[in-house]
Every structure is written in C-alpha cells, then in structure tokens.
Amino acid sequence: MLRDIIKKEILDNITSPKFVFTFLLCTILILLSVYTGVTNYRAEKKEHTASLALNKKNMESQPNFSSLAGIGVKVSKPPQVLGTVVNGIEEAVGRVAPVNIVADPNLVDSKYSSNPVFAVFGPLDLMFIVKIVLSLFAILFTYDAIVGEKEKGTLKLALSNEVPRDRLILGKAIGGYISLLLPLLIPLVLSLIILLITPDISLGGEDWGRLLLIFLMFFLYLSVFFSLGLFVSARTSRSSTSFLVLLFIWVVFVMVIPKVAVITAGQIRPIPSVHEITAKKDAFLQQIQTESQKGYLDWVQKNRTDAQKDPKAFEEKFRQFLQNYQQEMTSKIDENNSAIERDYQQRKRAQQNLAINMSRISPASALTFGSMTLAKTGVNDFDRFLASVRAYKPIYTKWINSKLAQSINFQTGEQPKISLDDMPQHTIEPEWLSRSLVRTIPDFALLAVMIIVFFVGAYVSFLRYDVR
Amino acid sequence: MLEAIDLTKRYEDGELALDGLTFKVEPGEIFCMFGANGAGKTTAINLFLNFIPATSGTALIEGIDVAKDPLKAKRHVSFVSENVMLYGNFTAVQNLDYFSRLAGKRTLKKKDYAEVLDRVGLQKEAFDRRVKNFSKGMRQKLGIAIALVKDAPNVLLDEPTSGLDPQSGREFLEILVQMRDKGKSVFMSTHDIFRAKLIADRIGFMRRGRLVMMKTAMELAHEDLTDLYIQYMEEQPAQPSAALSA
Ligand SMILES: Nc1ncnc2c1ncn2[C@@H]1O[C@H](COP(=O)(O)OP(=O)(O)OP(=O)(O)O)[C@@H](O)[C@H]1O
Ligand SMILES: [Mg+2]
C-alpha cells in the first residue's frame, strides 16, 4: 500500500505542469551556474598564473636591492576550485596582498572593486540557485500536499479505506521528495560531468569529498523546506493560506534573518572601521619615521670624529648601525601593526561569530556558511590567508633589510646585482577536510534538527487533521 | 449491516448537529435519509467513517465499533462523497486504479476498470482522459465506480445523484438495486424524493439532528412523499426561525 501511495504521488507530481516547468528551469539554471563558475575559475586561474610570473619578472628586473625593496613582493591567493559551485566571497574580496617594509599587508584588487556592477547581484553559483530557486520549488511541491487533497476530496476518499494515516503521510512525503529530486538529478549529474571534463579543473580526492558534503548539505537544505511545506500544509485548511504562510516564512528565512543578524551583530559588537585602523597605523608610521630620522642624525653627530680618524672602520660600523637600526624600526612598526591588527581581528571575529550564530536560526544561513566552509571560499579562509601573509611580512622584511645593509658601498655608491635565490617564500598550511568538517557540524546539525522538527510536526498534525 | 445507536455530535462551536440518532440498515436493504440542508446527514456519514469523533453514542459497521477499530470497520464499507474532485492530472482509469489499490483490490486489470466505468455510464472516450476537464456528473460517476470496485458489504452515499442527468440517474438506481440484491446495506442521504421512492426499502426524515420519521416502502406506498416531507419539516414549531418567519 505504501508503494501505491508513493507511486501515485510521484505520478501525480510528474504529470503536473509545475513539474515540466521546474525541470526546465532547474536544468537551465544549474547548468548555467556551473558553466559560469567553471569559466570564471579558468579565467581566474589564468590570471593568477600570469600575475605570479609578472611579479617574478618584475622583481628580477630590478637593478638593485633598494629598488626591489621599493616595489616589495606581491603574494596572491590562488582561486579555489570549489568556488565553481560555491563562490563564497571569492569575488568580493581581493586576492592579492602586497608585502613591503612599511605598509601592513592587506588584500586588494577584488573583482567587485574593479567592476562594481557585479557586486549588485552577487555570483550566480550553484549555492545561490539552491538557496533561492530550489527552496521555492520545494515549497511549490509541498504547499498543497495535504490541504490540496482535502480540497479535492481525495483525502476523505482515501481514508474511507483501511489506510492508516501515518502510512498515507509517509507515502506522500517519500513520493513528494522523490519527485522534487527528479528534476535536480539530471542537471546535477551533468554538472559533475562538466567539472570532470573541463581541462583546467582538477579535483583531488579531498575536493571530491568536499563536493559530496556540499551536495549533501544542499539536499538537507531542500529537505528543510520540503518538510516545512508538509508541516504547513497539514496545519492549514486552504491551499492558498498554506502558500502564503510558506512564502512568508521563506522570505523571513532567506532574506530577513541573515541581514538582520549581521546588522544586529554590528550594533551589539561594534568594531572600528578599516579607515580608523589605517589612520592609527599611519600615525605610528609617521612617528617612527621622524624618530628614526632623528636617531640617524644623532648617531652621525656622535660618531663624526671616528669618520675622520678611520674611515674604513667607520664605514663598517655605519653599515652595522644601519642594519640594526633599520631592523629595529621596522620591527617596531610590525609590532605595533600586529598589535592593532590582533585587536581588530579579534573584535571582528567576535562580531562575525555573533552574526553567524544569530543568523543560523535560518536554514539559508546554515547553508551559506556551511557550504562556504566546505568549499574553502568563506570569510575564514580569507582571514587565514591574510594572517599567513602578515606572518610572512616580518620574515621578508628581515631578509630585505639585511640585503639592503650589505649592499651599501660607500666608495663607489654602486650596488650589487640582486638575487632572489635565498628570498623566503610565502607559505600557507592548507585547511584539512576534517577541520572544515568540524566547523560545519553546527550547520549540519541545525539543518537536521529543523528537518526532524518540521517532519514530526507534519506527522503529528496530519494524524489529527480534519479531512472534511 | 450499518447501525447507529443514540449517535450524538456537538461541534466545537456548540452546534448540536446530531441528537440521539438511532437507526439500522439491514443487509439487502436501501435506506434513504432526507432532511433539509444542515439537518445532519453528512455529519452522520462522517461519524460512520470516523472522520470526526462522536460526542456520544456508537456507530457500528458489521458490528464493529467505528470509534474503537476504525481501520477494521472501514474495510467493510464503500463511500461515495458529495462532489469529489479526484486527481485532475490522472485519467479516469488511473484514479480508479489508485483507489482500488487503497481498497485492497490489486489484481484488477484494465478490462475490469473499463467494465465498471461502462456500468456507471461514463462514456468510453472519457476513460483515458484527464479528470481535470470532467463535468460534475462525470466525476460523480467515477466516484460511484470507485465505490463499486471496492465491493464492500456496506455502502454510504452522500447525495450521489446530484449532478447526474436523467438517464444516468436511472442507471444509477439500477446499480443500487443490484447492490441490494447482492445483500449489501445501502445508506443514502439525498434530496431526490422522486428517485428515492422508486428504490428505497425504508425512508427516514431528519430534522435538526433528530430522526423525526421512519417508514417502510410498504407504509409509504400510497402517500405523497413531498407532502409528507413538507409536513414533517414544518411541524414542531418550537424553532425560533419558524417563529420569526410566521
Ligand atoms: N465543522 C463544523 N463545525 C461546526 N458546525 C458544523 C460543522 N460541520 C457541520 N456543522 C453544522 O452541523 C449541522 C449539520 O450539517 P451537515 O453538513 O451534517 O448537514 P446536511 O444534512 O449534510 O446538509 P446538506 O443537505 O446541506 O448537505 C449544520 O447546522 C452545520 O452548520
Ligand atoms: Mg450534506
């Protein structure tokens, strides 16, 4: 009997006009999103490789270490391959961080800053399609699941037989869910094939694991709206009411809660603006510069007599002084900057966490944050990257300072050719899947809890539903 | 056999829809229940199908208390509801197939369905058409076919002839008579005095949830049912509405 109910439910859905419409729209949107994702990724990867090469060439062509110090080094973040399905903040935040002696490294050159019109609509990635469009479809497939049968009179007719109510709702839930998945399956499989055959895209074993988890999260998210639809349709006595109620809840979940959470978190835990932070850093830099000017003059004043006595010894002493002094001043700058930065990051993180946790009552936020974490395109990954660049800065500074000091030649004023062979390179520890998984446990758990709550609600409501 | 014992239903809003209703429909008997709109006919049928709980009293199907063992009781009853819409995306045959399966009939073939649909007078071209575009009468016929396929010993019908054209109405009466001859207990709520008189073995009048008259076909043979109906509906002037209109 359960099989008959499931079969009927699937057939009923498949033969309805909404199914054809859903199927077409799903196919077009999913394929379009993966296509744009893949194209973007390939372009970004190319750009990344080109900018690495250009940067290297640029550095190598510098005549001496002081001009090398002048241009600094550019560290750039490679694009994430899973950004093809979950774009996250890849486009919103820059992926290049210039590192030099003075300025504190920051991410610059985002796609949005160079082309702000992109920022208006955001990326059309698979996650967006699932979050907005497919969740609406889940509602479309369930809003009249129960109340619609009551209106058609078929509920009465079915229950005039020896049919237990729990069997009926179970059959309807399973059948309805299958018919919702049917229009998704084909385009999703096609997307996977696209990812497999596109030349520049290579997914490692871990990436497949992540992709699988992202898909799992998509299905859980859709299940939330599916069971919510069942629930509301078992609590209303008119399908138009059910649809309106569901639409209202959808707007609150998808549109309102995430934004309100961010705004509220900003109110509860305010953080200084980036300008304030930069101004603070600049002020200190200025102070250090005047200070070092003075210290430098003082030293020359004090040691002037030595210069006349033994120029050779003076030169050596001066070189030593310069190197140490430069190092001292830059590390002062670094220390100050990193102190400011540490404080700022800590407060920013507190605010972010508050916003994330508050918005998590909405399944849409759980989906957003969870899938971004799994795709490594979230806020956290950019923070990690920036932190690694900031950790790299003192290492680089120490190297360039020593080079600068060694290359001063008081006799000829000539400087030796540069060599980048022993320049320390920026490295970043990749985030392991297990670590990402741990961070997404709350999201998975929240989605699962919502599914259970809504489904149990639907089940219990249907057992007492007035079928007349 | 269908049996109502002192069946009473008071809705949540205080409306007393059934007030101590007692009757019995024996096997091989057609019982027609009349009553003005709102008299409580549909409520009685809903109680027999356990769609709503009774306030007091008992409804028995084949001696099984519907409130105690609804699933077992429902095994023995077919039901034709008033204006059922059915699944619009399904054809007549698909609808029939689904409800037959729910009724526990899983061995029926397309031929059997065609036979039943033919019997209720649905035109052949409509068998494989979507029910969405069916007329009210065509849907009613399909509803009757669904009840026929279940072939239960008891039949509950709520205004089954509404929407049927004269020819189909006549064919429908024949179906009811065949059911009676097979020994089924048939309970039908209706407003169609003319047709009911042709086939009913017993007739009951309901007023404000009470059975105010019950007579056998023999007793009614020489009475004008319409006059009797109006007489019973107007008698007992204790109603405030009657007092107002007077
Ligand atoms: N869910 C409900 N809540 C409150 N009162 C109800 C409910 N359903 C029916 N009633 C009331 O119960 C009474 C009997 O209604 P019922 O539907 O049984 O009448 P009926 O005899 O079938 O009428 P009709 O000939 O119009 O079909 C009416 O007064 C009606 O208003
Ligand atoms: Mg009625």
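Refer to the preceding data block for the structure.
Conventions we followed
Throughout this document, residue positions are counted from 1 along each chain, in the order its sequence is written. Chain A is the first chain written and ligand 1 is the first ligand written, with later ones labelled in order. Whole-chain, interface and lining totals are the exception, using all residues; otherwise, since this is a predicted model, local features are given only for residues with pLDDT of at least 70 and side-chain atom pairs are given and counted only at 80 or more. To get the side-chain values, take all heavy atoms of the structure and skip hydrogens and water. Secondary structure elements are taken from DSSP: a helix is a run of H or I of four residues or more, a strand is a run of E of two residues or more, and numbering for both begins at the N terminus. Note on classification: 1.4 Å probe, protein chains only; a residue is buried when its accessible area is under 20% of the maximum for its type, exposed when over 50%, partly exposed between these limits. By definition, residues are in contact when any of their heavy atoms lie within 4.5 Å. Accessible surface area values rest on a Shrake-Rupley calculation with a 1.4 Å probe, where residue burial reflects the displayed protein chains alone. Side-chain rings of Phe, Tyr and Trp (the six-membered ring for Trp) are treated as a pair once their centres are within 6.5 Å; stacked means planes under 30 degrees apart, edge-to-face means over 60, and tilted covers the remaining angles. The axes are straight lines fitted to the C-alpha atoms, using for helices just the contacting stretch, and the angles between their N-to-C directions are given from 0 to 180°. Each angle is binned into one of four classes, with values under 35 degrees roughly parallel, values over 145 roughly antiparallel, values of 65 to 115 roughly perpendicular, and all other values oblique. Helix crossings get a hand from a simple test, with the near helix turned counterclockwise from the far one by less than a right angle marking a left-handed crossing and a clockwise turn marking a right-handed one. Polar here means any residue other than Ala, Val, Leu, Ile, Met, Phe, Trp, Tyr, Cys and Pro, which are nonpolar, and Asp, Glu, Lys and Arg, which are charged; Gly is therefore polar. By definition here, a salt bridge exists when the distance from a side-chain nitrogen of Lys or Arg to a carboxyl oxygen of Asp or Glu is within 4 Å. Any residue with at least one heavy atom within 4 Å of a molecule or strand is counted as near it. Within 3.5 Å is the distance limit for a polar contact, defined as a pair of N or O atoms, with the added protein rule that one can donate a hydrogen and the other accept it, and that residues adjacent in sequence qualify only through two side-chain atoms. The rule for pairing is simple: two strands pair if DSSP sees at least two bridges between them. Only residues whose relative accessible area exceeds 30% and that form no salt bridge are eligible for patches; like-charged ones are grouped when within 9 Å, while nonpolar side chains (Val, Leu, Ile, Met, Phe, Trp, Tyr) are grouped when within 5 Å. Summed over both partners, the accessible area (1.4 Å probe) lost when two parts come together is defined as the buried area.

A. Highlighting the overall build of chain B. A tally of helices and strands in chain B yields 10 helices and 10 strands. Per-residue burial over chain B gives 52% buried out of 246 residues. In chain B, the proportion of contacts linking residues at least 24 apart, taken out of those at least 6 apart, comes to 68%. Summed over all atoms, the accessible surface of chain B reaches about 11,100 Å², with 51% contributed by carbon and sulfur.

B. Structural detail: the packing of aromatic side chains. Under the definition given, this model contains 33 aromatic pairs over all chains. Aromatic pair B:Phe34 and B:Phe205: ring centres 5.8 Å apart, planes at 85°, arrangement edge-to-face. Linking B:Phe34 in strand E3 (residues 29-35) with B:Phe205 in strand E9 (residues 202-207), this pair joins segments that are 171 residues apart in sequence. By the burial criterion, B:Phe34 is buried, and B:Phe205 matches it. Cluster of aromatic residues (ring-pair linked, three or more members): A:Tyr296, A:Trp299, A:Phe314, A:Phe318, A:Phe321 and A:Tyr325.

C. Summary view of the side chain of B:Thr43. For B:Thr43, the location among the structural elements is in helix H1 (residues 41-48). Every residue in contact with B:Thr43, bar those within four places of it in the chain, is listed here: B:Lys9, B:Tyr11, B:Ala17, B:Leu18 and B:Ile52.

D. Fine view of the packing of helix H10 (residues 205-233) of chain A against helix H16 (residues 433-463) of chain A. Residue and element names in this part refer to chain A. Where H10 contacts H16, the two axes come as close as 8 Å, and the packing angle between them is 20°. Our classification of the angle between H10 and H16 gives roughly parallel. The crossing of H10 and H16 is left-handed. Of the residues assigned to the contact of H10 with H16, the class counts are 18 nonpolar, 6 polar and 3 charged.

E. The arrangement of the pattern of salt bridges in detail. Residue and element names in this part refer to chain A. This model, assessed by the stated rule, comprises 37 salt bridges over all chains. A salt bridge links Arg-468 to Asp-466, with the nearest nitrogen and oxygen atoms 2.8 Å apart. You can call Arg-468 partly exposed: its relative accessible area is 30%. Overall, Asp-466 belongs to the partly exposed group, its relative accessible area being 33%.

F. The site of ligand 1, seen in detail. Around ligand 1, 15 residues are found, and the nearest of them are B:Gly38, B:Gly40, B:Lys41, B:Thr42 and B:Thr43. What surrounds ligand 1 is not a single chain but chains A and B. In the model, an oxygen atom of ligand 1 is placed 2.5 Å from a nitrogen or oxygen of the B:Thr43 side chain. Within the complex, 70% of the 640 Å² of free accessible area of ligand 1 lies under protein. Grouping the constituent residues of the shell around ligand 1 by class yields 4 nonpolar, 6 polar and 5 charged.

G. Structural view of the sheet that holds strand E2 (residues 16-25) of chain B. Residues and elements named next belong to chain B. Read across the sheet, 4 strands follow the order E2-E1-E4-E5 without closing on themselves; strand pairing throughout is antiparallel. Unpaired on one side and paired on the other, E2 and strand E5 (64-65) mark the two borders of the sheet. For strand E1 (residues 2-10) and strand E4 (residues 56-61), the ladder comprises 5 bridges, and the chain directions are antiparallel. Along E4, the bridge assignment pairs Ala-4 with Ala-59.

H. Structural view of a nonpolar patch on the surface. A grouping of A:Leu185, A:Ile186, A:Val189, A:Leu190, A:Ile193, A:Leu196 and A:Ile197 is seen on the molecular surface, where their side chains present a nonpolar patch of about 650 Å² in accessible area. The topology assignment puts A:Ile197 in helix H9 (residues 165-197).

I. Layout of the interface of chain B and chain A. Taken together, the contact pairs 27 residues of chain B with 26 residues of chain A. When the two sides are added together, the surface that chain B and chain A hide from each other amounts to roughly 2,600 Å², 60% of it contributed by carbon and sulfur. Three residues, B:Phe51, B:Tyr87 and B:Leu102, lead the burial of chain B against chain A; their summed loss comes to 25% of the area buried on that side. Inspection of the region where chain B meets chain A yields 3 salt bridges. Here A:Glu162 ties to B:Arg75 by a salt bridge, and the two come within 2.9 Å at their closest N and O atoms. For the pair chain B and chain A, the number of links is 13 residue pairs in polar contact (both at pLDDT 80 or more). Looking at the side of chain B that touches chain A, the elements that each hand over two or more residues are helix H2 (70-74), strand E6 (77-80), helix H3 (92-102) and helix H5 (136-150) of chain B. Top contributing element to the side of chain B that touches chain A by residue count: H3(B), with 5 residues. Here the side of chain B that touches chain A is built from residues that sort into 17 nonpolar, 4 polar and 6 charged.

In short, shape yes, function no, at least from these values alone.
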